[in-house]
Amino acid sequence: MSRLVVKNLTKIFSLGFFSKRRIEAVKNVSFEVKEKEIVSLVGESGSGKTTTAKMILRLLPPTSGEIYFEGKDIWKDIKDRESLVEFRRKVHAVFQDPFASYNPFYPVERTLWQAISLLENKPSNKKEALELIKESLFRVGIDPKDVLGKYPHQISGGQKQRIMIARCWILRPLLIVADEPTSMIDASSRGGIIKLLEELREEQGTSIIFITHDLGLAYYVSDNIFVMKNGEIVERGHPDKVVLEPTHEYTKLLVGSIPKLYRKLEDL
Amino acid sequence: MKEILLKAENVRAYYKLEKVSVKAVDGLSFEILEDEVIGVVGESGCGKTTLSNVIFMNMVKPLTLVDGKIFLRVNGEFVELSSMTRDEVKRKFWGKEITIIPQAAMNALMPTIRMEKYVRHLAESHGIDEEELLEKARRRFEEVGLDPLWIKRYPFELSGGMRQRAVIAIATILNPSLLIADEPTSALDVVNQKVLLKVLMQMKRQGIVKSIIFITHDIATVRQIADRMIIMYAGKIVEFAPVESLLEKPLHPYTQGLFNSVLTPEPEVKKRGITSIPGAPPNLINPPSGCRFHPRCPHAMDVCKEKEPPLTEIEPGRRVACWLYMEERA
């Protein structure tokens, strides 16, 4: 069964008070994400990939089109607070900037306590909850005593991003939307973040949508790639097909311009 | 055999603060040949930008040259840059022999000054005829793929990639022998990155510049144009080798870790998998004893904690600073 179905999704932003200027940020986008599947929306800035992600996360209403999560239309069938909390529990976001995901006035574990308060079967007491937090930190390769009680400025960017993934271990969401999760951390810790997300998929069957401009990342992690350009999906398919035999002009240009490690660009 | 263009001997440059020093460049020795592109690769904070400042003697407090010598070949003879003051090097060699495209070069131009003003200023400070230099600048603009008439424009009228090429055109107008490019591609999209690499290679082919030092954290980009690569970690050179042999078989554990964290859309990368180096780069105020990589190194031995491995040539042209390879030789 498909976990997420996006059908003819369109978002038009209107600008101006008297003479309306219309910007079609997302045009007629359709795709599916199956259980345990990792897909990537790839595109440059302004291609509409983040707008698409916001609509899937139910942060921005679409102009037209439908989004079905577990068979329910998330913009029509979620009406009360209860079902919204349930949606938030099942769909989780990991954002680009781990620095902006934390409130600088509170210790970092606050974000994990918030996750616990979203749980359906909450731990019966504070001690149990703390155990759960510690366990989730171990899962993402952090020693709890390194971060518990610390404030966001006292830990590194890589640690911040790992704690966001520790949230996922507490909530066990069905779908993770990861918007450029590795773009603000050092290359040497990037591999670790990707591995954590892959483990989550293996052990809990989580589906993941990567929103990225990095075709190398998309090629490496995904089962399916959707290349976006000016709000439309211009190419889709298995990573090997999209990267090694691109058909659309834009994908060809993109793949041809990316510097490779094992071969030289010919026309320099 | 190519001639040596620039030579650094045991260079140490520290940021001297009130109580402590940040040892950003600590005992580097290397040489750059004529007609060569050298890639300097490392993560943020490994001292690669400091190295570029050291090469052209841009010592602004608190950065201080503590030890070591830097020689540049000018008209067939070595001049010791490290014995001169910043002002002296600036007056004699900047622009003429050494030039730099700084990090974020696209923001290096004042938005309210027409670009030709920079050329006029350059002509004035070097005592060259203004019109002659402007004519040369127009030709150079054309060579980097810009309309020559745009030199009369304000920088804000150009896109980021164009502004960067304008900076390159102006920086190389006096045909310097050495061009230092500090992270020139990191703020550009992939299509503009490729244009920039093309411009740099074309300048080298035409003999406008003899050698290029390309400083970056992006191995896949520098690999496209470099002949040899310097890998830096925590203020030290850990490996220095020709690009092809380095890619085929990286020797230093840090180089191996760095290469294995690169993600490019290639089948080899998928087969190889991706690894990460545990931990974080050290604080350069008080770096680890012995080999600075030992706390993160999967092969660390007792000797690594105690003694610093020297950068040693273990095969012709291949230098590495790691005890793993010293033992094999002994």
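Computed from a predicted structure; not experimentally measured.

A.B. asks: Tell me about the packing of helix α3 (residues 110-118) of chain A against helix α6 (residues 157-171) of chain A, residues and numbers included.
C.D. replies: Residue and element names in this part refer to chain A. Here α3 crosses α6 at 20°, and the two axes come no closer than 9 Å. Regarding the angle of α3 to α6, the classification is roughly parallel. Seen from above, α3 lies across α6 with right-handed handedness. Across from Thr111, Leu112, Ala115, Ile116 and Leu118 in α3, the residues of α6 making contact are Ile163, Ala166, Arg167, Ile170 and Leu171.

A.B. asks: Tell me about unusual backbone geometry, residues and numbers included.
C.D. replies: Geometrically, the link from lysine 61 of chain B to proline 62 of chain B is a cis peptide bond, its omega value of 5° lying close to zero. Take proline 62 of chain B: it is sitting in the loop between α1 (48-55) and β4 (63-74). Despite not being glycine, arginine 58 of chain A has its phi angle at roughly 65°, a positive value. Tracing the backbone shows arginine 58 of chain A in the loop between α1 (49-56) and β4 (64-69).

A.B. asks: Any chance you could break down the interface of chain B and chain A for me, citing the residues and the numbers?
C.D. replies: Between chain B and chain A, the contact holds 34 residues from the first and 29 residues from the second. Of all elements in the fold, only α6 (190-205), α7 (219-225), α9 (253-259) and α10 (267-272) of chain B reach the threshold of two or more residues within the side of chain B that touches chain A. Tallying contributions element by element places α6 of chain B first for the side of chain B that touches chain A, with seven residues. Across the side of chain B that touches chain A, the residue classes tally to 16 nonpolar, ten polar and eight charged.

A.B. asks: With reference to specific residues and values, describe the UniProt feature "domain: ABC transporter" (unreviewed entry) in chain B.
C.D. replies: Per the UniProt annotation, the sites labelled "domain: ABC transporter" (unreviewed entry) are residues 6-259 of chain B. As a span, residues 6-259 of chain B carries 35% helix and 29% strand, and end to end its C-alpha atoms are 28 Å apart.

A.B. asks: Explain the sheet that holds strand β12 (residues 318-320) of chain B residue by residue, including any values.
C.D. replies: Residue and element names in this part refer to chain B. Reading across the sheet, the eight strands line up as β6-β7-β8-β3-β9-β10-β12-β11 and stay open at both edges, with mixed pairing between neighbours. Looking at which strands have only one partner, the edges of the open sheet turn out to be β6 (98-101) and β11 (312-315). Sheet twist, expressed as the average angle between the axes of neighbouring strands with direction ignored, equals 20°. Here six bridges tie strand β9 (residues 228-233) to strand β10 (residues 236-242), and the two strands are oriented antiparallel to one another. Bridge assignment links arginine 228 to a residue of β10, and that residue is proline 242. Packing against the sheet, α1 makes contact with β3 (37-41), β6, β7 (178-182), β8 (211-216) and β9, and its axis sits at approximately 150° to β8.

A.B. asks: How would you summarise the nonpolar core if you had to cite specific residues and measurements?
C.D. replies: In this structure, Val177 of chain A together with Ile170, Ile213 and Phe214 of chain B are the most contacted members of the largest nonpolar core, which totals 162 residues. When residues of this core are assigned to their parent elements, the largest contribution, eight residues, is made by α6 of chain A. Among residues more than four places away in sequence, those in contact with phenylalanine 214 of chain B are Val37, Ile38, Gly39, Ala181, Val222, Ile225 and Ala226 of chain B.

A.B. asks: Which residues make up helix α4 (residues 126-139) of chain A, and what values go with them?
C.D. replies: Residues and elements named next belong to chain A. The terminal C-alpha atoms of α4, which comprises 14 residues, lie 20 Å apart, in line with the 20 Å expected from a rise of 1.5 Å per residue. Where α4 is concerned, the buried positions are Ile133, Ser136 and Leu137. Looking straight down α4, one finds its buried side chains confined to an arc of 100°; they lie on one side. Opposite the buried face of α4, by more than 90 degrees, sit the exposed residues Lys127, Glu128 and Glu131. The secondary structure elements touched by the buried residues of α4 are α3, α5 (144-147) and α6. Once α4 finishes, glycine 141 follows within two positions and takes phi at roughly 80°, a positive value.

Criteria and cut-off values
- Numbers given to residues run from 1 along each chain, matching the order in which its sequence is written.
- Naming scheme: in the order in which they are written, chains are lettered from A and ligands are numbered from 1.
- Totals for whole chains, interfaces and linings use all residues, but because this is a predicted model, local features are given only for residues with pLDDT of at least 70 and pairs of side-chain atoms are given and counted only at 80 or more.
- For helices, the fitted line uses only the C-alpha atoms of the stretch in contact; every axis is such a line through C-alpha atoms, and the angle between N-to-C directions lies from 0 to 180 degrees.
- Helix and strand definitions here come from DSSP, where helices need a minimum of 4 consecutive H or I residues and strands a minimum of 2 consecutive E residues; each element is numbered from the N-terminal end.
- Angular relationships are summarised with four words: roughly parallel below 35 degrees, roughly antiparallel beyond 145, roughly perpendicular across 65 to 115, and oblique for the angles in between.
- Should the near helix be turned anticlockwise from the far one by less than a right angle, the crossing is termed left-handed; should it be turned clockwise, right-handed.
- Note that contacts rest on C-beta atoms placed from the backbone: two residues are in contact if these are within 7 Å.
- All residues other than Ala, Val, Leu, Ile, Met, Phe, Trp, Tyr, Cys, Pro, Asp, Glu, Lys and Arg, Gly among them, are scored as polar; the first ten of these are nonpolar and the last four charged.
- UniProt positions are given in the numbering used here, feature names are shortened, and annotations may be inferred rather than shown by experiment.
- DSSP-based pairing: two strands are paired if at least 2 bridges between them are found.
- When buried Ala, Val, Leu, Ile, Met, Phe, Trp, Tyr and Cys residues are joined through C-beta atoms within 7 Å, the set is termed a nonpolar core.
- The exposure scheme places C-beta atoms from the backbone and then counts, for each residue, the other C-beta atoms within 10 Å of its own, assigning buried at 20 or more, exposed at 12 or fewer, and partly exposed in between.
- For a helix, the expected span equals 1.5 Å multiplied by the number of residues minus one.
- This arc describes the spread of directions from the helix axis toward the C-beta atoms.

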